[in-house]
Amino acid sequence: DGVTYSFGIFYDEFLAYFEEDKSKTSWILSALVGVTLCSGPLSSSLVNKYGCRPVTIAGSILASFCLIISTFAQNVTFLIFTIGIGAGIGFGLIYLPAIVSVTTYFEKKDH
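All figures in this text were calculated on a predicted structure; none of them were measured in a lab. Numbering of residues starts from 1 in each chain and follows the order in which that chain's sequence is written. Local features in this predicted model are restricted to residues whose pLDDT is 70 or higher, and side-chain atom pairs enter the listing and the counts only when it is 80 or higher, whereas totals over whole chains, interfaces and linings include all residues. Hydrogens and water are ignored here; the side-chain numbers use all heavy atoms of the structure.

**Section: helix H3 (residues 22-38)**
It helps to recall that an α-helix has 3.6 residues per turn; residues three or four apart then point in one direction. The condition that has to hold: Helix numbers and strand numbers start at the N terminus; a helix is a DSSP run of H or I with at least 4 residues, a strand a run of E with at least 2. Each helix should span, by expectation, one fewer than its residue count multiplied by 1.5 Å. For the exposure calls, accessible area comes from a 1.4 Å probe over protein chains only, and a residue counts as buried if that area is under 20% of its type's maximum, exposed if over 50%, partly exposed in between.
If you check H3, its first and last C-alpha atoms are 24 Å apart, about what 17 residues at 1.5 Å a residue would give, namely 24 Å. Along H3, the residues classified as buried are Thr25, Ile28, Ala31, Leu32 and Thr36.

**A short note on the packing of aromatic side chains**
Stated precisely, the cut-off is as follows: Classification of ring pairs rests on two measures: the distance between centres of Phe, Tyr or Trp rings, Trp counted by its six-membered ring, which must be within 6.5 Å, and the angle between planes, read as stacked under 30 degrees, edge-to-face over 60 and tilted in between.
Enumeration according to the criterion identifies 5 aromatic pairs in this entry. Clustering of aromatic rings is evident, with ring pairs tying together Phe7, Phe10, Phe14, Tyr17 and Phe18.

**Observations concerning the packing of helix H2 (residues 7-18) against H3**
Here is the rule: Helix axes are fitted only over the stretch in contact, all axes being lines through C-alpha atoms; the angle between N-to-C directions runs from 0 to 180 degrees. In a left-handed crossing the near helix is turned counterclockwise from the far helix by less than a right angle, and in a right-handed crossing that turn is clockwise. The contact criterion used throughout is that any non-hydrogen atoms of two residues lie within 4.5 Å. Residues were grouped as follows: Ala, Val, Leu, Ile, Met, Phe, Trp, Tyr, Cys and Pro as nonpolar; Asp, Glu, Lys and Arg as charged; and all remaining residues, including Gly, as polar.
At their nearest, the axes of H2 and H3 sit 10 Å apart, and the two run at 145° to each other. Remark: the crossing between H2 and H3 carries right-handed chirality. Listed contacts from H3 to Phe7, Tyr11, Phe14 and Leu15 of H2 are Lys22, Thr25, Ser26, Ile28 and Leu29. Among the residues making up the contact of H2 with H3, the classes are represented as 6 nonpolar, 2 polar and 1 charged.

**Some remarks on a nonpolar patch on the surface**
The following threshold applies: Here the term patch refers to residues with relative accessible area over 30% and no salt bridge, with like charges joined within 9 Å and nonpolar side chains (Val, Leu, Ile, Met, Phe, Trp, Tyr) within 5 Å. Each accessible area is a Shrake-Rupley estimate made with a 1.4 Å probe; only the visible protein chains count as cover when residues are assessed. Counted as salt bridges are all cases of a side-chain nitrogen of Lys or Arg within 4 Å of a carboxyl oxygen of Asp or Glu.
A contiguous nonpolar surface patch, about 350 Å² in accessible area, is contributed by Val33, Leu37, Tyr95 and Ile99. Listing elements by their share of the nonpolar patch, those giving two or more residues are H3 and helix H6 (76-110). With respect to the helices and strands, Val33 occurs in helix H3. On the basis of relative accessible area, Val33 is assigned to the partly exposed category, the value being 33%.

**Looking at the UniProt feature "transmembrane region" (unreviewed entry) in the protein chain**
As a reminder, the rule being used: UniProt positions are given in the numbering used here, feature names are shortened, and annotations may be inferred rather than shown by experiment.
What UniProt calls "transmembrane region" (unreviewed entry) maps, in this numbering, to residues 27-47, 54-73 and 79-106. Helix makes up 95% of residues 27-47 and strand 0%. Its end C-alpha atoms lie 29 Å apart.

**Let's talk about the side chain of Ser43**
So the rule is basically this: Think of a polar contact as two N or O atoms within 3.5 Å of one another; within protein, one of them needs to be a possible hydrogen donor and the other a possible acceptor, and neighboring residues in sequence only count if both atoms come from side chains.
One can find Ser43 in helix H4 (residues 40-50). A distance of 3.4 Å separates a polar atom in the side chain of Ser43 from the backbone oxygen of Gly92.

**Looking at the packing of H4 against helix H5 (residues 52-69)**
Selection criterion: Here the word oblique covers every angle except those under 35 degrees (roughly parallel), over 145 (roughly antiparallel) and from 65 to 115 (roughly perpendicular).
Two elements in contact, H4 and H5, have axes separated by 7 Å at closest approach and are oriented at 135°. Here H4 is positioned oblique relative to H5, judged by the angle of their axes. Every residue of H5 that contacts H4 at Ser43, Leu46, Val47 and Tyr50 is listed here: Cys52, Pro54 and Val55. Looking at the contact of H4 with H5 residue by residue, the classes come out as 6 nonpolar, 1 polar and no charged.

**What about the nonpolar core?**
The line we're drawing: In this text, buried Ala, Val, Leu, Ile, Met, Phe, Trp, Tyr and Cys residues form a nonpolar core when linked through side-chain atoms within 4.5 Å.
One finds Phe7, Phe14, Phe18, Ile28, Leu79 and Ile83 to be the most contacted residues of the largest nonpolar core, which totals 17 residues. For this core, the secondary-structure elements that each account for two or more residues are H2, H3, H5 and H6. The element contributing the most residues to this core is H6, with 6 residues. Residue contacts for Leu79: discarding those within four places in its chain leaves Phe14, Phe18, Ile28, Ser70, Ala73 and Gly84.

**Regarding the environment of Ser60**
Within the secondary structure layout, Ser60 lies in helix H5. Since its relative accessible area comes to 30%, Ser60 is described here as partly exposed. Once the C-alpha coordinates of Ser60 and Thr82 are considered, the two residues, 22 residues apart in sequence, prove to be 14 Å apart.

See the structure below:
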């Protein structure tokens, strides 16, 4: 969530560095948020099959890898794919298990 919520700082830098228009550059964050939230069905099926911990670890590895390779970007389109789609799927694999883990913890403690 930290990357998503603080993306405005990166957005300004991307505008200046790549000299693209605002509408194309804004697709990076739009894809990131959209893919993160739309990857819920994929994440939930993986959590049901493998559990929260492995899915969260896989998501963090994927998101980290995509954020690292995004440092080699030569254009905004590359960032849309690496940060928007790649890191978005990784964040989605982290987001849902985090919610499920907390719910599961309190259900166990309630009984």
